[in-house]
Amino acid sequence: MATLVGGITTSHVPAIGRAIAKNLQDDPYWKPFFDGYGPVHRWLEAEARPDVVVVVYNDHGLNFFLDKMPTFAVGAAAEYRNADEGWGIPQVPPFTGELDLSWHLIESLVADGFDLTTCQEMVVDHAFTLPMALLWPSQAWPVKVVPVCINTVQFPLPSAARCYALGEAIGRAVRSWASGQRVLVLGTGGLSHQLDGQRAGFINKDFDLQFMESLVHDPRWATQFSIHELVEKAGTQGVELLMWLSTRAALGDQVRRVHQNYHIPISNTASGLMVMSA
Amino acid sequence: MTLPDIPGTTLFDGAQARKGYGLNKMCYSFNSADNRADFQRDEDAYCSRFGLTAEQRRAIRERDVLGLIAAGGNVYYLAKFAGILGLDVQDLGALQTGVTKDEFKRRLLDAAR
């Protein structure tokens, strides 16, 4: 059976793409953010050595529009490309899909009660591409991928408890995949931020740090909150912590925290990063 | 079930999604460089193609971000409109909170304390 090696959760702010394109990694504004990824690279190379990455992310109006808005969608394409999102961040090379795992995941998740949308064609936005570029700065992707997309655009959103259950089901699916491959789960988004309204610029450091800590010691902690409460505590876009919850849930009861970083601000966002081995 | 409002926050729910469909569809079209150019050639004609209401057209014309949100705009699609104008999310934040961009950035730094 496949080995689930661990999970990485990271912010996916578009400005990261501009910073990468302009080589601003050592710029004083960006250094505290990019420095967080050195230990990630070392862990990926020396310990995790994944063959496949299941990327749990939210689309921001590239692949999905409001004409059809799935709550949970799983990619089943041979290739996933980035595309123009309207504001011109440089695009990254295409990703190769791991079709066997896509279909195993789809069959397993549907059997577990998740009524998915499946996508044999899918473009992936910055929430997918930038975390991959943070993990593998050469952008010569050494892994195949399976995208899992959670709706955080149009309410009602799936609850934190439901996203946790989805993650548990992803974990079961990966561990029951008849393959010798090593699988990493990558959850992207957050942490606290709000782009819209008079509350734009809202950041909640105390909540973020409590949430990160909970993933290690009490992973279901955030599932006590409704989506409304999560928006109140983390901001309208901070609700992207749902992807972190799914990722954590996939790893099982016990994890080892390998590394974490937290830095305010990147763009309008409190950026967070965690590496957990399963 | 009615939930208490979160100050300064509009949740993009069914009511907003219904109201803003044309506006958001127009902004979604800005994923294409050709469409962005079309819009810039004649903004009003481009708005007409998507059936924007008078209020939505006013808010587009006046770059009124809070007005666009009130009229059903979703920030992820509006960000593509902002991109045409060369505005980033910190510019949008400053516009919505009525402060300068420098002041908005200073507030973000304060959140780190």
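A. A look at the sheet that holds strand 6 (residues 117–119) of chain A. Residues and elements named next belong to chain A. A sheet is described by the order of its strands in space; here eight strands give the open sequence 6-3-7-2-8-1-10-9, paired in mixed fashion. Across the chains shown, the open sheet's two edge strands, defined by having one partner strand only, are strand 6 and strand 9 (256–266). When strand polarity is set aside, the average angle formed by the axes of neighbouring strands in this sheet is 15 degrees. Across six bridges, strand 2 (residues 52–57) lies against strand 7 (residues 144–150) in parallel orientation. Of the residues in strand 7, the one forming a bridge with Tyr57 is Cys149. Sheet strands in contact with helix 5 (residues 126–135) are strand 1 (3–10), strand 2, strand 7 and strand 8 (182–188), and its direction is about 120 degrees off that of strand 8.

B. Geometry of the pairing of strand 10 (residues 269–277) of chain A. Residue and element names in this part refer to chain A. Counting buried residues in strand 10 gives nine out of nine residues, a clear majority hidden from the surface. As judged from the five bridges shared by strand 1 and strand 10, these two strands associate in the antiparallel manner. Bridging from a neighbouring strand, Gly6 pairs with Ser277 of strand 10. Inspection of the sheet shows strand 9 paired to strand 10 by eight bridges, in the antiparallel sense. Looking at strand 10, one finds that Asn261 is bridged to Leu273.

C. The interface of chain B and chain A, seen in detail. Each partner contributes residues to the interface: chain B has 40 residues there, and chain A has 39 residues. Run the count over chain B and chain A and you get one salt bridge. As a salt-bridge pair, A:Asp84 and B:Arg36 come within 2.9 Å of each other at their nearest N and O atoms. Contributing elements (two or more residues each) for the side of chain B that touches chain A: helix 1 (14–19), helix 2 (21–29), helix 3 (33–41), helix 6 (65–70), helix 7 (75–84), helix 8 (89–97) and helix 9 (101–110) of chain B. Looking at the side of chain B that touches chain A element by element, the count peaks at six residues for helix 7 of chain B. Tallied by class, the residues present in the side of chain B that touches chain A amount to 23 nonpolar, twelve polar and five charged.

D. Main features of the packing of aromatic side chains. Per the counting criterion, the structure on display carries 22 aromatic pairs over all chains. Measuring from centroid to centroid gives 5.9 Å for A:Trp30 and A:Phe33, while their planes differ by 75 degrees, and the two rings are edge-to-face. This pair shows no difference in class: A:Trp30 is buried, exactly as A:Phe33 is. Judged by centre distance (5.6 Å) and plane angle (25 degrees), the ring pair of B:Phe30 and B:Tyr46 falls under stacked.

E. Local environment of helix 7 (residues 205–217) of chain A. All names here are of chain A. Between its terminal C-alpha atoms helix 7 stretches 19 Å, which fits the 18 Å expected from 13 residues at 1.5 Å a residue. Buried residues of helix 7: Phe207, Asp208, Phe211, Met212, Ser214, Leu215 and Val216, and no others. Considering only its buried residues, helix 7 is in contact with helix 8 (227–234), helix 9 (241–250), strand 9 and strand 10.

Conventions and cut-offs
- Residues numbered from 1 in each chain as written.
- Chains lettered and ligands numbered in written order.
- Predicted model: local features only at pLDDT ≥ 70, side-chain atom pairs only at ≥ 80, totals over all residues.
- Heavy atoms only, no water.
- Pairing = 2+ DSSP bridges.
- Helix = DSSP H or I, 4+ residues; strand = E, 2+ residues; numbered from the N terminus.
- Axes fitted to C-alpha atoms, helices over the stretch in contact; angles between N-to-C directions.
- Contact = heavy atoms within 4.5 Å.
- Buried < 20%, exposed > 50% of the residue type's maximum accessible area, 1.4 Å probe, protein only.
- Salt bridge = Lys/Arg side-chain N within 4 Å of Asp/Glu carboxyl O.
- Nonpolar A, V, L, I, M, F, W, Y, C, P; charged D, E, K, R; others polar.
- Phe/Tyr/Trp six-rings, centres within 6.5 Å; stacked < 30°, edge-to-face > 60°.
- Expected span 1.5 Å × (residues − 1).

None of this, on its own, says anything about what the molecule does.
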